[in-house]
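Below, each chain spelled out in residue letters.
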Amino acid sequence: MNIFNIIDSFQKFDGDAVGRLEHASRRMFMNRIGSKLAAAAIPVAFGTIVNKAFGATPTATEVLNYALTLEYLENEFYMIGNGTSGLIPSTYAPVFAQIGKHEKAHVDFLVAALSTNAVAKPTFDFPAVFPTVFTDFPTFVTVSKALEDTGVRAYKGQAGNLITSKPLLEYALQIHSVEARHAAIARKILAKISGDATIKGWISNDAGVPAAVYAGEGNVVQGTLNLPGVDGLSGVSFTAITEAFDEPLTMDQVLAIAGPFIKKM
Amino acid sequence: MKKTLLDNTVSEDKQMLSVVNRRYFLRSAGVAAATGAFILGACTDHDIQGDQTVDLGSGDVGILNYAYALEQLEAAFYTQVMATPYAGMTAEEKMILTDIRDHEIIHRQFFKAALGGSAIKGLTPNFTSINFNDRASVLGAAKLFEDTGVQAYNGAGKLITSGDYLLLAGKIVSVEARHASIIRDLLMPNTGSFAGDDVLVTIMGFGGFDAAVPPSVILPAVQPFVMDKISGSNLPS
C-alpha cells in the first residue's frame with residue numbers, strides 16, 4: 001500500500017495519522033475491488049492530515065507550493081500518457097500534447113517563482129489508483145478530465161488566500177482559466193468516445209466520475225441569491241444554473257482527491 | 001411552464017434586437033436626426049437613455065457593472081444566434097450554443113440582481129458586423145467574446161477588494177474559459193486551438209497562461225458591439 005510511505009511525513013503533524021490512513025487505505029483497497037472508477041471514492045482522512053501541514057490560513061508560498069504539487073501531478077500524468085505509444089489515438093494526440101505542454105510550463109513557472117522555497121516533486125503512482133490508466137484510453141481521458149476539473153476547483157479555492165498578493169493572484173487566475181480550457185476539451189473528448197451525451201464541456205449538477213471531484217457542483221446559491229428564484233431565470237433549467245458557475249474545492253478536498261496518486265512526498 | 005418562461009427571457013432580448021434593427025434601418029435611410037422621438041416612443045424603458053454615456057461606476061460595484069455589461073453583450077449575442085440559427089447548424093452545435101446562451105443569461109441576471117439599484121441600465125447591442133446566417137462569422141464572434149471575457153475577468157481579479165466577489169468572478173471565469181475551449185474546438189476540431197498559442201501568453205518566458213487584460217483595454221475593444229457609450233473611467237486600476 002503505497003499510501004503508507006507518506007505516513008512518516010505526516011505523523012509529526014497528526015499523531016493519529018497511522019490509524020486514519022489504515023482506515024483510508026482499507027477503503028481504497030475495497031473500492032478498487034469493486035470498480036476501477038470507484039477507487040476514486042477517496043479517503044477523506046488523507047486530506048485532513050495533509051492540511052495540517054499548511055495550517056488554517058496558508059501563506060502565498062504555501063498556496064503556490066500546493067499549486068505546484070498539483071501541477072507536478074498533472075505534468076507527470078501527461079508526460080507518461082503522451083509518451084506511451086498506442087494509448088492516445090492520433091486524432092486526439094494534438095490535444096493532449098497541447099495540455100502537456102502547458103502543464104510543464106506551469107511547473108517550470110512555479111518552480112522558478114518559488115525558487116528555493118519550491119517543494120520537490122513527489123513520486124506519483126497513477127496505476128495504483130487506476131490500473132489501466134496508461135493502457136486504456138477511456139480511463140486515461142476520465143482521469144485527465146478529473147485532474148483538470150480538480151485543478152480548476154483547486155485554484156479557485158485559493159483565490160481568496162492570494163487577494164492581498166495581487167501579482168500572484170493574477171498569475172494564479174491566468175493558470176486557472178487555462179485549466180478550465182483543458183477540462184472542457186477533456187470532457188468533450190470523453191463524451192465523444194464514451195457516447196455519453198450528458199457529459200458536456202461544463203459540469204452539470206454534481207454529476208461526474210470520480211464523485212469526490214464533483215461534490216458541491218450542484219450549488220445554485222450564489223452570493224446571497226438563490227438563482228432559480230431570480231428575476232428572468234425561472235425558465236432556465238436548474239442544470240444550466242449549476243453549469244454556469246464552477247465551485248471551489250478546499251485544500252482538504254483536493255488533497256483527498258490527489259493524495260492516493262502520491263506514492264512518496 | 002419551463003418553455004413559457006424561457007421564451008419570456010428570450011423574447012425580451014428579441015425585442016431589444018428588433019429595436020436595434022429598426023434604429024439601424026432608419027439611420028441607414030438617412031433620417032437619423034429625425035428619428036429621435038420615434039425611437040423613444042418605440043423603445044422599452046431600458047432604451048430611453050439612448051446614446052448617453054453609461055458610467056460603470058467605481059470600486060467593487062464598478063467591477064461588477066463591468067462584468068454585467070460584458071455578460072449583457074454575450075447573452076444578447078447568443079440569444080440572437082439561437083433565434084436565427086445559421087445555415088447547417090448541427091445538432092451538437094445547437095446543444096452547445098443553447099447551453100452557452102443559457103449560461104450567459106444566467107450570468108447577466110445574476111449580476112443584475114446582485115447589483116440591484118446600483119446596476120447600469122440594459123445596454124443596446126450593435127451586432128451589425130456579425131452575419132448571423134454564416135457559421136464562420138457567428139463562431140468567430142463567439143470565440144472573440146469568450147476569449148475576451150476570460151481576459152477581462154482575469155484582469156479584473158486584482159481590482160476586486162471583496163473576497164466574496166473575487167470568488168464569484170472566479171466561479172464565472174472558468175465557465176467562460178470552458179465556453180472558449182469548446183467554441184474553438186468547433187472551429188478547429190482536435191487541434192491545440194482550444195487553448196491555442198494564438199490566444200495564450202507567456203509570463204517571464206513561461207507559456208500556457210491566459211492573458212489578464214485591464215478594463216481600459218477591454219472596453220474600447222468591445223465598444224463597437226454596443227450602441228451606448230460605456231465609460232470605465234471611474235473603475236479601479
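If you look chain B up in an unreviewed UniProt entry, it shows as Ferritin-like domain-containing protein from Dyadobacter subterraneus.

Chain A appears in an unreviewed UniProt entry as Ferritin-like domain-containing protein from Dyadobacter subterraneus.

What follows is about the overall build of chain A. The helix and strand tally for chain A stands at 10 helices and 4 strands. When the helices and strands of chain A are listed from N to C terminus, the series reads α-α-α-α-α-β-α-α-α-β-β-α-α-β. For chain A, the residues scored as buried account for 56% of the 265 residues in total. Pairs at least 24 apart in sequence give 76% of the contacts found in chain A among residues at least 6 apart. When the accessible surface of chain A is summed, it comes to about 9,700 Å², and 59% of that surface belongs to carbon and sulfur atoms.

The subject of this paragraph is helix 5 (residues 93–114) of chain A. With 22 residues, helix 5 of chain A ought to run about 32 Å at 1.5 Å a step, and its terminal C-alpha atoms sit 32 Å apart, in line with that. Immediately beyond the C-terminal end of helix 5 of chain A, within one or two residues, lies A:Ser115, with a positive phi of roughly 55 degrees.

Residues and elements named next belong to chain A. Spanning 29 residues, helix 7 (residues 166–194) covers 42 Å between terminal C-alpha atoms, matching the ideal 42 Å at 1.5 Å per step. With 22 of its 29 residues buried, helix 7 lies for the most part within the structure. Just downstream of helix 7, Gly 195 is the residue with a positive phi angle, here 70 degrees.

All right, on to the nonpolar core then. Counting residues in each nonpolar core, the largest one holds 139 residues, and the members touching the most others are A:Phe96, A:Phe140 and B:Phe77. For this core, the leading source of residues is helix 3 (residues 59–83) of chain B, giving 14 residues. Setting aside its immediate chain neighbours within four residues, B:Phe77 contacts B:Phe127, B:Ile130, B:Phe132, B:Val138, B:Ala141, B:Ala142 and B:Phe145.

Once that is clear, we can look at unusual backbone geometry. A cis amide bond links A:Val209 to the next residue, A:Pro210, at an omega of -5 degrees. Inspection of the secondary structure puts A:Pro210 in the loop between helix 7 and helix 8 (211–214). Even without glycine at this site, A:Ser115 takes up a positive phi of about 55 degrees. Among the secondary structure elements, A:Ser115 is positioned in the loop between helix 5 and strand 1 (123–124). Of the residues examined, A:Ser115 reaches a relative accessible area of 48% and is grouped as partly exposed. At B:Asn190, a position not held by glycine, the phi torsion is positive, near 55 degrees. Mapped onto the secondary structure, B:Asn190 falls in the loop between helix 6 (163–187) and strand 2 (201–203).

All right, on to the side chain of A:Arg153 then. Residues and elements named next belong to chain A. Mapped onto the secondary structure, Arg 153 falls in helix 6 (residues 137–158). Engagement of the side chain of Arg 153 in a polar contact is seen with the backbone oxygen of Glu 247, the distance being 2.9 Å. When near neighbours in sequence (up to four residues on either side) are disregarded, Arg 153 contacts Val 213, Tyr 214, Ala 215, Gly 216, Glu 217, Glu 247, Pro 248 and Leu 249.

Moving on to the packing of aromatic side chains. Residues and elements named next belong to chain A. For the structure shown, the criterion picks out 27 aromatic pairs over all chains. Where Tyr 78 meets Phe 96, the ring centres are 6.4 Å apart and the plane angle is 25 degrees; that geometry is what we call stacked. With a gap of 18 residues between them, Tyr 78 in helix 4 (residues 60–83) and Phe 96 in helix 5 connect regions that are remote in the sequence. By relative accessible area, which is 0% here, Tyr 78 ends up buried. For Phe 96, a relative accessible area of 0% puts it in the buried group. Ring plane angle 65 degrees and centroid distance 5.3 Å describe the contact between Phe 96 and Phe 140, whose orientation is recorded as edge-to-face. With a gap of 44 residues between them, Phe 96 in helix 5 and Phe 140 in helix 6 connect regions that are remote in the sequence. One aromatic cluster is present, formed by Phe 77, Tyr 78, Tyr 92, Phe 96, Phe 124, Phe 126, Phe 130, Phe 134, Phe 137, Phe 140 and Phe 261 through successive ring pairs.

We now examine the pattern of salt bridges. When charged atoms on two side chains of opposite charge get close, those side chains can pair. According to the stated counting rule, one finds 19 salt bridges over all chains in the structure shown. Residue A:Glu170 is joined to B:Lys158 by a salt bridge in which the shortest nitrogen-to-oxygen separation is 3.4 Å. Of this pair, A:Glu170 sits in helix 7 while B:Lys158 sits in the loop between helix 5 (135–156) and helix 6, placing the two residues on different chains. Exposure remark for B:Lys158: the relative accessible area of 35% places this residue in the partly exposed category. What you see here is one network of salt bridges that share partners, running through A:Arg181, B:Asp147, B:Arg184, B:Asp198 and B:Asp210.

A separate point is the interface of chain B and chain A. Contacts between the two partners involve 66 residues from chain B and, on the opposite side, 64 residues from chain A. Taken together, both faces of the contact between chain B and chain A bury some 5,200 Å²; the carbon and sulfur share is 65%. Taken together, chain B and chain A are joined by 9 salt bridges. At the boundary of chain B with chain A, the tally comes to 29 residue pairs in polar contact (both at pLDDT 80 or more). Among the secondary structure elements, those contributing two or more residues to the side of chain B that touches chain A are helix 1 (2–28), helix 4 (91–115), helix 5, helix 6, strand 2 and strand 3 (206–209) of chain B. Looking at the side of chain B that touches chain A, the element that brings in the most residues is helix 6 of chain B, giving 19 residues.

About the thresholds
- Residues numbered from 1 in each chain as written.
- Chains lettered and ligands numbered in written order.
- Predicted model: local features only at pLDDT ≥ 70, side-chain atom pairs only at ≥ 80, totals over all residues.
- Heavy atoms only, no water.
- Helix = DSSP H or I, 4+ residues; strand = E, 2+ residues; numbered from the N terminus.
- Buried < 20%, exposed > 50% of the residue type's maximum accessible area, 1.4 Å probe, protein only.
- Contact = heavy atoms within 4.5 Å.
- Areas by Shrake-Rupley, 256 points an atom, 1.4 Å probe, with all protein chains shown as cover.
- Expected span 1.5 Å × (residues − 1).
- Core = buried A, V, L, I, M, F, W, Y, C linked by side-chain atoms within 4.5 Å.
- Polar contact = N/O pair within 3.5 Å; in protein donor to acceptor, adjacent residues only side chain to side chain.
- Phe/Tyr/Trp six-rings, centres within 6.5 Å; stacked < 30°, edge-to-face > 60°.
- Salt bridge = Lys/Arg side-chain N within 4 Å of Asp/Glu carboxyl O.
- Buried area = accessible area lost by both parts, 1.4 Å probe.

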